[in-house]
Amino acid sequence: MNFLYYCQGEDGSLLNAVREQLGESHRLFDWLNDTDIPLKDIDAAIVWLPPDEFFNGLDNLTHVFALAAGVDHLLQHPSLPAEVNVVRLRDAGMAEQMAEYALYGTLHAQRKMQEFSNAQINHQWSHDISAKAAFETRLGILGAGALGTKVAQRLSLNGYPVKCWSRSEKQLPSPIQSLHGQDTIDEFLNQSDVLVCLLPLTEATQGILNSELFEKLPPGAFLINPGRGGHLVDNDLISALDSGHLSGALLDVFHNEPLVAEHPFWNHPQVIVTPHVAAKSVPAKSAEQIIYSINCVERGETPPGLVNRLRGY
Ligand code: NAP
Ligand code: GLV
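Note that the structure is a prediction, hence the values are computed from the model and not measured.

1. Things to note about the overall build of the protein chain
And then number 1: Looking only at helices and strands, the protein chain has 9 helices and 12 strands in total.
And then number 2: C-alpha extents for the protein chain along the principal axes are approximately 70 × 45 × 30 Å.
And then number 3: Accessible area of the protein chain: about 15,500 Å², with a carbon and sulfur share of 50%.
And then number 4: Side-chain charges of the protein chain comprise 21 positive and 37 negative groups, with the mean position of each set lying 7 Å from the other.

2. Observations concerning empty space enclosed by the protein
And then number 1: Going through the model one piece at a time under the given rule, you end up with 1 cavity of 30 Å³ or more.
And then number 2: Here the largest cavity defines a volume of roughly 30 Å³.
And then number 3: Along the walls of the largest cavity sit Phe65, Ala66, Val87, Arg88, Leu89, Gln289, Ile290 and Ser293, which together make up its complete lining.
And then number 4: Listed by contribution, the elements that provide at least two residues to the lining of the largest cavity are β4 (63–66) and α9 (283–298).
And then number 5: The biggest single contributor to the lining of the largest cavity is α9, with 3 residues.
And then number 6: The class makeup of the residues in the lining of the largest cavity is 5 nonpolar, 2 polar and 1 charged.

3. Structural notes on the packing of aromatic side chains
Between two aromatic rings, the relevant description is the distance of the centres plus the angle of the planes.
And then number 1: Under the defined criterion, the tally for this structure stands at 6 aromatic pairs.
And then number 2: Between the aromatic rings of tyrosine 6 and tryptophan 31, the centroid separation amounts to 5.4 Å while the plane-to-plane angle is 80°, which identifies the pairing as edge-to-face. Of the two residues, tyrosine 6 is situated in strand β1 (residues 2–7) and tryptophan 31 in the loop between β2 (27–30) and β3 (44–48); the sequence distance between them amounts to 25 residues.
And then number 3: Between the aromatic rings of phenylalanine 254 and phenylalanine 265, the centroid separation amounts to 6.3 Å while the plane-to-plane angle is 55°, which identifies the pairing as tilted. Of this pair, phenylalanine 254 sits in the loop between β11 (246–251) and β12 (271–273) while phenylalanine 265 sits in the loop between β11 and β12, and the two are 11 residues apart along the sequence.
And then number 4: When its relative accessible area of 8% is taken as the criterion, phenylalanine 254 is described as buried.
And then number 5: Look at phenylalanine 265 and you get buried, because its relative accessible area is 0%.
And then number 6: The rings of Tyr6, Trp31, Phe54 and Phe55 are connected pair by pair, giving a single aromatic cluster.
And then number 7: Sitting over the face of the ring of tyrosine 313, arginine 311 holds its NZ or CZ atom 4.2 Å from the ring centroid.

4. A few points about the domain arrangement of the protein chain
And then number 1: The domains assigned to the protein chain are domain 1 (2–92 + 281–298) and domain 2 (94–273).
And then number 2: Just the C-alpha atoms count here: the centres of domain 1 and domain 2 sit 32 Å apart.
And then number 3: Facing 10 residues of domain 1, the contacting portion of domain 2 comprises 7 residues.
And then number 4: Across the domain 1 to domain 2 interface the summed buried area is about 710 Å²; carbon plus sulfur atoms make up 54%.

5. Some remarks on the site of ligand 2
And then number 1: All residues adjacent to ligand 2 are Ala68, Ala69, Gly70, Met94, Arg228 and His276.
And then number 2: Within the contact set of ligand 2, an oxygen atom lies 2.8 Å away from a backbone nitrogen or oxygen of alanine 69.
And then number 3: Glycine 70 places a polar main-chain atom, nitrogen or oxygen, 2.8 Å from an oxygen atom of ligand 2.
And then number 4: Contact with the protein chains hides 85% of the accessible area of ligand 2, taken as 200 Å² for the molecule alone.
And then number 5: When its residues are assigned to classes, the shell around ligand 2 shows 3 nonpolar, 2 polar and 1 charged.

6. Some points on the layout of surface pockets
And then number 1: Each pocket or cavity is described by its volume, and for the second largest pocket that value is around 360 Å³.
And then number 2: Forming the boundary of the second largest pocket are 18 residues, of which Ala109, Gln110, Lys112, Gly220 and Ser247 lie nearest the centre.
And then number 3: Only α3 (94–110), α4 (113–121), β10 (221–225) and β11 provide two or more residues apiece to the lining of the second largest pocket.
And then number 4: Within the lining of the second largest pocket, the residues separate by chemical class into 5 nonpolar, 9 polar and 4 charged.

7. Side note on α3
And then number 1: For α3, with 17 residues, the first-to-last C-alpha span of 24 Å sits near the 24 Å given by 1.5 Å per residue.
And then number 2: Judged by how many residues are buried, α3 sits mostly within the fold: 12 of 17 residues are covered.
And then number 3: Those residues of α3 lying buried are Met94, Ala95, Met98, Ala99, Tyr101, Ala102, Leu103, Gly105, Thr106, His108, Ala109 and Gln110.
And then number 4: Positioned one or two residues after α3, lysine 112 has a phi angle of 55°, which is positive.

8. Remarks on the site of ligand 1
And then number 1: Close to ligand 1 lie 29 residues; Arg88, Ser168, Lys170, Asp252 and Tyr313 are nearest.
And then number 2: Between ligand 1 and lysine 170, the relevant distance is 2.6 Å, taken from an oxygen atom to a side-chain nitrogen or oxygen of the residue.
And then number 3: Burial of ligand 1 by the protein amounts to 92% of the accessible area it has alone, namely 950 Å².
And then number 4: Among the secondary structure elements, those contributing two or more residues to the shell around ligand 1 are α3, α5 (146–157) and β7 (162–166).
And then number 5: For the shell around ligand 1, the residue count by class is 16 nonpolar, 8 polar and 5 charged.
And then number 6: Looking at which domains feed residues into the shell around ligand 1, each of domain 1 (2–92 + 281–298) and domain 2 (94–273) supplies at least three.

The rules behind the values
The residue numbers shown here count from 1 along each chain, following its written sequence. Think of it this way: whatever chain is written first is A, whatever ligand is written first is 1, and the rest follow in order. Residue-level local features of this predicted model are given only where pLDDT is at least 70; pairs of side-chain atoms are given and counted only at 80 or more, and the full residue set underlies all totals for whole chains, interfaces and linings. As a rule here, side-chain values cover all heavy atoms of the structure and leave hydrogens and water aside. For helices the rule is a DSSP run of H or I covering at least 4 residues; for strands it is a run of E covering at least 2, with both sets numbered from the N terminus onward. Per-residue accessibility takes into account occlusion by the displayed protein chains alone, with areas from the Shrake-Rupley method and a 1.4 Å probe. Charge assignment: positive for Lys and Arg, negative for Asp and Glu; neither His nor the chain ends contribute. A charge is said to be at NZ when it belongs to Lys, at CZ for Arg, at CG for Asp and at CD for Glu. Site definitions follow a grid-based scheme: protein atoms alone, a 1 Å grid, a 1.4 Å probe that fits but cannot get out for cavities, and for pockets an open set with protein on both sides within 12 Å along at least five of seven lines, plus lining residues having an atom within 4 Å of a point. Grid points are joined across faces, edges and corners, and a volume is the space filled by probe spheres set on the points. Throughout this entry, Asp, Glu, Lys and Arg are counted as charged residues, while Ala, Val, Leu, Ile, Met, Phe, Trp, Tyr, Cys and Pro are counted as nonpolar. The remaining residues, Gly among them, count as polar. Two rings belonging to Phe, Tyr or Trp (six-membered ring only in the last case) form a pair when the distance between their centres is within 6.5 Å. Interplanar angles under 30 degrees mark stacking, angles over 60 mark edge-to-face geometry, and anything in between is tilted. Working definition: with a 1.4 Å probe on protein chains only, accessible area under 20% of the residue-type maximum means buried, over 50% means exposed, and in between means partly exposed. The criterion for a charge sitting over a ring is simple: Lys NZ or Arg CZ within 6 Å of the ring centre, and within 35 degrees of the ring normal. Throughout the structure description, domain borders are defined by an automatic or database domain assignment. Contacts are residue-level and defined by heavy atoms, with any inter-residue pair within 4.5 Å sufficient. As a working definition, buried area equals the accessible area (1.4 Å probe) given up by two parts on being put together, with both sides summed. For this description, a residue counts as near a given molecule or strand if any of its non-hydrogen atoms is within 4 Å of it. Identification of polar contacts relies on pairs of N or O atoms within 3.5 Å, with a donor-acceptor requirement for protein atoms, meaning one able to donate a hydrogen and the other able to accept it, and with residues adjacent in sequence counted only if both atoms are side-chain atoms. Expected helix span is taken as 1.5 Å per residue step, with the number of steps being one fewer than the number of residues.

Given below as structure tokens:
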């Protein structure tokens, strides 16, 4: 097979890892640096955030291997043909990092670290700020996939009661509880003192983090969103924080990235902004997974991580 590679903003380590693992039997072209790319001979692309014209002329393309867990950008790509198979990364070293990110946010919320930071600014010895214990701080995870499941396991080991919510039924190891479907969402939200969004961004989940959902969370709940910016209605979050119903938010992803300097999240005293760094795919693991998927395709098997384009993930 012949491959075309594009990865926005990478240092070359991923390209080198893919090249090394692909070996001599395949040809790999680098969209950014190679000239005279035989577009009509390209069978598959390996990409992260390719430019709008990227797929033009790739008339014989059958597969796109996404260098990411989330494929929302790719499925909306203006030149991606509708019939091409899209394969995404599963974990690839991201789940551990995501668990750390969620643990950080949960500890921040549970131990009232924002209140201590604010007290410090005013040189206040706020001995009366009291935190709940981990076992009293209920964690709700929207999404029980490769990342949500790992977050659930890690936070459960840290003593938090954990519930996951997904589309289809799951059997997760006790004591993690698993709910699924629209009928259970209210029960799930009512019992989530810390809510982590690890859903894919699809038509069904666009704007899911809105006023209606926030009202169903217990007073003082804290939001952690490393999913996608499109899950969140920004103004609804600001209203929920300003009214005191939500105590804070840790946000990693935004409608437009980089987050513009004027955005109110930057200066909001209850919001922590991180620049889409919650979990980065590990080059060697990503390359290994992509090669495994390529081998599956060549054997005529369905590669793990094949995206259901109708469902959107
Ligand atoms: P995944 O394995 O596909 O898991 C997605 C989960 O969401 C599944 O449990 C799925 O339910 C559930 N889900 C999807 N649509 C739903 C709906 N309409 N209602 C209820 N549940 C629904 O995805 P993943 O690998 O864990 O990644 C999740 C997301 O994390 C990615 O799509 C990406 O946006 C984000 N991400 C962010 C970063 C970062 O650094 N910030 C890094 C990596 C990924 P079923 O199991 O029933 O299908
Ligand atoms: C990163 O955001 C990913 O989806 O892998």
